[in-house]
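Fold and geometry: a report
So the chains spell out like this:
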Amino acid sequence: MSSMGTVSAEPEAVVIVGASAAGTATASKLRRLGYAGRLTIIGDEVVPYDRPPLSKQFLAGQWAEDKLRLMSPDQLESLDARLLLGTRAVGLDSGRRTITDDAGRTHPFDAAVIATGVRPRMLDALSAGRPHVLRTVSDATALRARLRPGTRLAVVGGGFLGLETAATALELGVDVVVVEPSTLPLSDRLGRTASARLVDLHRSRGTDFRLGVSVAGSSRDEQGVWTLELTDHSTVTAEDVLVAAGSVPQTDWLAGSGLDISSGVRCDAMCRAAPHVWAVGDIARWWDDRHQAHIRLEHRTNAIEQADVVAKGILGVRREAYRPVPFFWTDHFDARIQLAGTYSADLTETLIEIDSARESTITLFQRDDRLAAVLGWNAPREIQKYRRQLLLEQADRSKAGV
Ligand SMILES: Cc1cc2nc3c(=O)[nH]c(=O)nc-3n(C[C@H](O)[C@H](O)[C@H](O)COP(=O)(O)OP(=O)(O)OC[C@H]3O[C@@H](n4cnc5c(N)ncnc54)[C@H](O)[C@@H]3O)c2cc1C
């Protein structure tokens, strides 16, 4: 990727759009690095909050909304930023270096950070009946109000979000049916052994899987009960339906900006989308020079690690490419699954039992005897050891320029 030139030492005005994990982490990092210029944060939600608990503790009713906050009022205050919450950015002009918002204000910038994340993907077969989605605290509040013992929830999509929600709903006494087009959910992300184990765990707790099929059509009766017609001509009835079928980057507001917004905001290896414009978090499709491809990661840890890269890039104190060791976790019943590195189907798998009482295991994924990824199942301490190893190896390769 060609270099796009650098921003002069300290920009006078930084404008961040999106006030969630990636946006607030970028703001905090800028201040921690000593940035003393003007900082504006524009976010269309009312409070910066964290999303992972929305399908777990918050949906289960264990956590109140306050506990989701990413920053206390004091921490927000200490950012010394102009906080425009409840405000939507509606345009970015990369030539003039301005952002406009839905109150008609124009915000000039020397550096802009796009942190507007993703929204749930809707399915045509369900769009007429207003199914649930799960991205925001209001989505989670609406779903939570419906999860009553004895009712049935149909989850369309057996990815992380769909299966986590299924686990939480089952624990609340709800009957759950999961409809998923693949025959082994998540095997492309966790490998066959762990995904088969996850499916077994779900089945043992009551999840009714309809695998290898998708929803062809749907209707609702006068009581609001859904009937889903599946592609194998079977049907599922349920009081509620959750669509968990992937996401769409929130780039609509960037139409006409001159940026490449195909499947996210396309960036260089330092997460820069254009001179003076960066992208961070779920929305950033950055050039990964190891895989020779533009990629996006929708993981909480990526939002934080990329924020560090972007803040340093804005201040001109980092020139190296972003080469993360991806890391995420997902919780189902009493199982915490964590994965460090990048899984792919060509890797060889070695399963190591850690503690049979905790049912904890580590799976090593290797290519030519080199560790490429590690999966921990109820093994939080052990996985951190392998994650450190992957990070050290990555740092050595970066130093050696490979
Ligand atoms: C239910 C759920 C569970 C999850 N669980 C896990 C997990 O267990 N492990 C894990 O690693 N990751 C998990 N994730 C993913 C993780 O939450 C995301 O990777 C993280 O939130 C990304 O942060 P972000 O700031 O890039 O995007 P977001 O959190 O999506 O924030 C983007 C913000 O920008 C705002 N915005 C959008 N457009 C505009 C605009 N035009 N103007 C102003 N503001 C705008 C949005 O409203 C939002 O507030 C989960 C996600 C969800 C939804």
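We now turn to the structure provided with this report. (Residues numbered from 1 in each chain as written. Predicted model: local features only at pLDDT ≥ 70, side-chain atom pairs only at ≥ 80, totals over all residues. Heavy atoms only, no water.)

Another point: the pairing of strand E2 (residues 38-43). With five of six residues buried, E2 is to be regarded as a mostly interior element. Handedness of the crossover joining strand E1 (residues 13-17) and E2 through helix H1 (residues 21-32): right-handed. For E2 and strand E3 (residues 82-85), the ladder comprises four bridges, and the chain directions are parallel. Along E3, the bridge assignment pairs Ile-42 with Leu-84. Taken together, E2, helix H2 (residues 73-78) and E3 constitute a β-α-β crossover, and its handedness is right-handed. (Buried < 20%, exposed > 50% of the residue type's maximum accessible area, 1.4 Å probe, protein only. Helix = DSSP H or I, 4+ residues; strand = E, 2+ residues; numbered from the N terminus. Right-handed = clockwise from strand over helix to strand, strands pointing away. Pairing = 2+ DSSP bridges.)

Attention now moves to the sheet that holds strand E5 (residues 98-101). Here we have three strands laid out as an open sheet, ordered E4-E5-E6, and antiparallel in their pairing. The two strands at the open ends of the sheet, each matched to only one other strand, are strand E4 (89-93) and strand E6 (106-108). Strand-to-strand, the axes of this sheet are offset by a mean angle of 20 degrees, without reference to chain direction. Two strands pair when backbone bridges link them, and E5 and E6 are joined in this way by three bridges, in the antiparallel orientation. Directly across from Thr-100, in E6, lies its bridge partner Thr-106. (Axes fitted to C-alpha atoms, helices over the stretch in contact; angles between N-to-C directions.)

Moving on, we get to the environment of Arg-318. Among the secondary structure elements, Arg-318 is positioned in the loop between helix H7 (300-314) and strand E22 (327-332). Residue Arg-318 is classed as buried on the basis of its relative accessible area of 18%. Along the sequence, Arg-318 and Ile-354 sit 36 residues apart, while their C-alpha atoms lie 39 Å from each other. Aside from chain neighbours lying at most four places away, what touches Arg-318 is Val-309, Lys-312 and Gly-313. A distance of 3.1 Å separates the side chain of Arg-318 from the backbone oxygen of Glu-320, its partner in a polar contact. (Contact = heavy atoms within 4.5 Å. Polar contact = N/O pair within 3.5 Å; in protein donor to acceptor, adjacent residues only side chain to side chain.)

By the secondary structure assignment, Met-122 is in the loop between strand E8 (118-120) and helix H3 (137-146). Along the backbone, Met-122 and His-132 are ten residues apart, and their C-alpha atoms lie at a distance of 9.9 Å. If we skip the residues at most four places from it in the chain, Met-122 touches Ser-127, Pro-131, Val-133 and Val-243.

All right, on to the site of the ligand then. Taken together, 34 residues surround the ligand, and among them Asp-44, Glu-45, Arg-51, Lys-56 and Asp-282 come closest. Take Ala-21: an N or O atom from its main chain is 3.3 Å from an oxygen atom of the ligand. Asp-44 has a polar side-chain atom sitting 2.5 Å from an oxygen atom of the ligand. Calculation on the ligand without its partners gives an accessible area of 990 Å², and the protein chains cover 95% of this total. Elements with a contribution of two residues or more to the shell around the ligand: H1, E2, helix H4 (160-171) and E22. The class makeup of the residues in the shell around the ligand is 14 nonpolar, ten polar and ten charged. Both domains that furnish three or more residues to the shell around the ligand are identified here as domain 1 (13-119 + 248-314) and domain 2 (122-245). (Near = heavy atom within 4 Å. Areas by Shrake-Rupley, 256 points an atom, 1.4 Å probe, with all protein chains shown as cover. Nonpolar A, V, L, I, M, F, W, Y, C, P; charged D, E, K, R; others polar. Domains from an automatic or database assignment.)

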